[in-house]
Amino acid sequence: MAPETSVMTGNEAAATAARLARVQVIAAYPITPQSPVVEQLAAWVESGELPAEFVAVESEHSAMTVCIGAATVGARTFTATSANGLAYMFEQVWWAPGARLPIVMCIANRAMAAPWNVLNDQQDSMSVRDAGWVQLYCRNNQEILDTTVQAYLIAEKLHLPVMVCYDGFLLSHTMMPVSVPDAEQIDGFLPPFTDPWTIVDPGDPRNIGPVTLADPRNDTEGVAAPGYMEIRALHHRALLEALAVIPAVDSAYHDAVGRSWGGLVWEHLLEDADVVLVAAGSLAMQLTLTAEALREEGIKVGVLGIRAYRPFPIEALRERLVGRSVALVFDKALSYGYEGPICSDLRGCLLGVEGAPPVFGAVCGLGGRDVSLEQLADAARGAVADAAAGMRTRETDWINLHLEG
Amino acid sequence: MHEIRWHGRGGQGAVTSAKVLADAAFRSGFAGVTSQPSFGAERRGAPITASTRLADEPLRVLSQVSEPDIIVVLDESLLDVANATAGMKAGGTVIVNSPKAPSEFALRDDLRVVTSDVIGAAEAANLIVGGQPMVSTAILGAFARATGLVTMESVEAAIAHAFHGSAAAKNIEAARIAFDCTRA
């Protein structure tokens, strides 16, 4: 069978990817806007199209716990959630990477309550960026499908869980054409997961997840075993290794399926750009239109899209930003009392680098607030003017905010 | 690019209409199609909107449609209640589910009004669910006739993809009847 293109939502694209990856255990609890992902998977399990175990659980905490248990014995696992569901899962969100389990979780990005709001921003996944998962952000539904499949290969190569993040409603509920690879293409790209260290064998009993004290010490068999800090250093090293593995997997996917997404970062009209607009997710895709419109006004604008937010692609960002006049970062999240997370990270990675541009931050789209192309263009024009006036730093710009009246 | 905004009441199936149209438009040759509901909590009977864009290139804009070329009104009371024509581009097309003639609607002079008795079409095809004639797919026949942007073949293929068996057949029949009774 050849690949077929169908018009589908982002949630359908995520579910289709999980099916193509031949996941064996799915555990999930419904939450808007993620629910249609696991509804679709449940329907395929019910019809027999997807020979997997679907475990209906009573909470997101339990959903991740089931994935942890299943991944520990070597199953390929999948879950998906959003916002408060992710928050409710928080304890196990840390356990999965600490235990080095290759779980893939889709996040249909949604605003955190309170106040209640089911609409899009990226505060949920940004709030768990430090937990030790690989985090990938998608710009359209095709990228959701392709990235979710790629996530399994990344996860299984590095023994790290991967979060595939996509904007709730804007992608999760918007239909667009998606080319669905055929099963053979994906089977060639993603072989079955067979890792001897994660298979529980009664003939070779192991103590999984024992208390690990501060210092290295001998285990029960007298073999020197790492302490907590060594285990964490190895975990961190695996995340850094992902900086090479993510592009390599994207490239292998291109060989198998014919599409790739830039690996760690992607760019649009960047080569000769003075002004660089930076964002992650569908907003970055919309920024490509802003860049094109501003070029018609004679402003040399390009877009730098962040696909991998963790690990943070320091070198890829530095080499694309040195020599520019200004970088303007659009965050759909905020570290309350400071600024947008991507903005902080980008400024930090450019600090002290010769020829680095000033980095300005803008916060937008919180709780589903619409961001028009004109507002994005206005923000870019403002950053250009401020940089031309010699500003090296400035307060975060809030786009389309109406506090007065 | 063609920007389309749907106006319906919660439960009428405007979101289904928008989805099936996106599929039909892709089948009719548009490389770029998006359809999205207005985001938020819907209630049965409340005015709702949905947005569809059709283009020759893949689409990169995800905002709701605010300056439509075409609006499709599943309940004619929404022309007043929801100010459905707000923001419409000059020369735009208003497709209304109504047994009335287009001339009976007093809208902006620069808009073209097309009507189709979609409820009648659904009833004629016996497309009744829970005692209510279903208009969500039948309206696509009126859309195909009024705009020429999608072919009836692609509308029928998209309906057959979204529904199965006798449900698909009834929905296709209703769309055909609505196509035939569309008046400009």
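Keep in mind the model is a prediction, meaning the values are calculated, not measured. (Residues numbered from 1 in each chain as written. Chains lettered and ligands numbered in written order. Predicted model: local features only at pLDDT ≥ 70, side-chain atom pairs only at ≥ 80, totals over all residues. Heavy atoms only, no water.)

A few points about the packing of aromatic side chains
Inspection of every chain in the model, using the stated rule, returns five aromatic pairs over all chains. Ring centres 5.1 Å apart and planes at 85 degrees place the aromatic pair A:Phe189 and A:Tyr253 in the edge-to-face group. With a gap of 64 residues between them, A:Phe189 in helix 8 (residues 183–189) and A:Tyr253 in helix 9 (residues 228–257) connect regions that are remote in the sequence. A:Tyr253 carries the same exposure label as A:Phe189, and that label is buried. The interplanar angle of 20 degrees and the centroid separation of 6.4 Å between the aromatic rings of B:Trp6 and B:Phe143 together place this pair among those described as stacked. Residue B:Trp6 is found in strand 1 (residues 2–9), and its partner B:Phe143 is found in helix 4 (residues 139–147); the two are separated by 137 residues along the sequence. The exposure classification of B:Trp6 matches that of B:Phe143, with both residues buried. The structure contains a cluster of three or more aromatic residues connected by ring pairs, namely A:Tyr137, A:Tyr309 and A:Phe312. Against the face of A:Tyr309 rests A:Arg310, its NZ or CZ located 4.4 Å from the ring centre. (Phe/Tyr/Trp six-rings, centres within 6.5 Å; stacked < 30°, edge-to-face > 60°. Helix = DSSP H or I, 4+ residues; strand = E, 2+ residues; numbered from the N terminus. Buried < 20%, exposed > 50% of the residue type's maximum accessible area, 1.4 Å probe, protein only. Lys NZ or Arg CZ within 6 Å of the ring centre and 35° of its normal.)

Overview of the pairing of strand 5 (residues 104–109) of chain A
Residues and elements named next belong to chain A. Burial within strand 5 is extensive, with six of its six residues counted as buried. Residues Val104, Cys106 and Ala108 line one face of strand 5 and the alternating positions Met105, Ile107 and Asn109 line the opposite face, and both faces are buried. Looking at chain direction, strand 4 (residues 77–81) and strand 5 are connected through four bridges and run parallel. When the sheet's bridge partners are listed, threonine 81 is paired in strand 5 with isoleucine 107. Note that strand 5 and strand 7 (residues 162–167) share six bridges and pair parallel. (Pairing = 2+ DSSP bridges.)

Details of the interface of chain B and chain A
Across the boundary between the two partners, chain B contributes 17 residues, which contact 21 residues of chain A. For the pair chain B and chain A, the two sides together bury roughly 1,700 Å², of which 68% comes from carbon and sulfur. When residues of chain B are sorted by the area they lose upon contact with chain A, B:Phe39, B:Arg60 and B:Leu62 head the list and together hold 44% of the total. In this assembly, chain B and chain A are joined by one salt bridge. Across the pair B:Arg60 and A:Glu292 runs a salt bridge whose closest N-O atoms are separated by 2.8 Å. For the side of chain B that touches chain A, the secondary-structure elements that each account for two or more residues are helix 1 (14–27) and strand 2 (32–37) of chain B. At five residues, strand 2 of chain B tops the list of elements feeding residues into the side of chain B that touches chain A. When grouped by side-chain class, the residues that make up the side of chain B that touches chain A number nine nonpolar, five polar and three charged. (Contact = heavy atoms within 4.5 Å. Buried area = accessible area lost by both parts, 1.4 Å probe. Salt bridge = Lys/Arg side-chain N within 4 Å of Asp/Glu carboxyl O. Nonpolar A, V, L, I, M, F, W, Y, C, P; charged D, E, K, R; others polar.)

Digging into unusual backbone geometry
Cis geometry marks the peptide bond from A:Thr32 to A:Pro33; its omega dihedral reads 0 degrees. Mapping A:Pro33 onto the fold places it in the loop between strand 2 (25–28) and helix 2 (35–47). Phi at B:Asn83 takes a positive value of approximately 45 degrees, unusual for a residue other than glycine. Along the chain, B:Asn83 falls in the loop between helix 2 (78–81) and strand 5 (93–97). For B:Asn83, a relative accessible area of 45% gives the class partly exposed.

Describing the domain arrangement of chain A
Residue and element names in this part refer to chain A. Under the domain assignment used here, chain A contains domain 1 (4–189) and domain 2 (266–398). Using only C-alpha atoms to locate each centre, domain 1 and domain 2 end up separated by 28 Å. Counting residues at the interface gives 24 residues for domain 1 and 23 residues for domain 2. Roughly 1,900 Å² is buried in total at the junction of domain 1 and domain 2, and carbon and sulfur atoms are behind 51% of that figure. Viewed at the interface, domain 2 and domain 1 are joined by two salt bridges. The shortest N-O distance in the salt bridge between arginine 129 and aspartate 345 comes to 3.6 Å. Taken together, domain 1 and domain 2 are joined by 15 residue pairs in polar contact (both at pLDDT 80 or more). Counting residues per element, the ones that place at least two in the side of domain 1 that touches domain 2 are helix 6 (123–126), strand 6 (134–137) and helix 7 (141–158). Ranked by residue count, the leading element in the side of domain 1 that touches domain 2 is strand 6, at four residues. (Domains from an automatic or database assignment. Polar contact = N/O pair within 3.5 Å; in protein donor to acceptor, adjacent residues only side chain to side chain.)

Considering the pattern of salt bridges
Evaluated as defined, the whole model comprises 26 salt bridges over all chains. Put simply, A:Arg139 and A:Glu143 hold a salt bridge, and the shortest N to O gap is 2.8 Å. For the pair A:Arg139 and A:Glu143, one class covers both residues: buried. The partner of B:Arg27 in a salt bridge is B:Asp23, with the nearest N and O atoms 2.9 Å apart. Of this pair, B:Arg27 and B:Asp23 are both found in helix 1, four residues apart, which corresponds to roughly one turn of the helix. Judged by its relative accessible area of 8%, B:Asp23 falls in the buried class. Connected through shared salt-bridge partners, A:Arg129, A:Asp130, A:Arg310 and A:Asp345 make up one network.

A few points about helix 3 (residues 60–72) of chain A
Residues and elements named next belong to chain A. Across its 13 residues, helix 3 extends 18 Å between first and last C-alpha, which sits within 8% of the 18 Å expected from 1.5 Å per residue. Residues of helix 3 that are buried include every one of Glu60, Ser62, Ala63, Met64, Cys67, Ile68, Ala70, Ala71 and Thr72, and no others. Next to the buried residues of helix 3 lie strand 2, strand 4, helix 4 (83–88), helix 5 (90–98) and strand 5. For helix 3, the side-chain oxygen to backbone nitrogen distance between the N-cap and histidine 61 is 3.3 Å, and the N-cap itself is serine 59. Two residues or fewer past helix 3, glycine 74 is found with a positive phi of approximately 100 degrees. (Expected span 1.5 Å × (residues − 1).)

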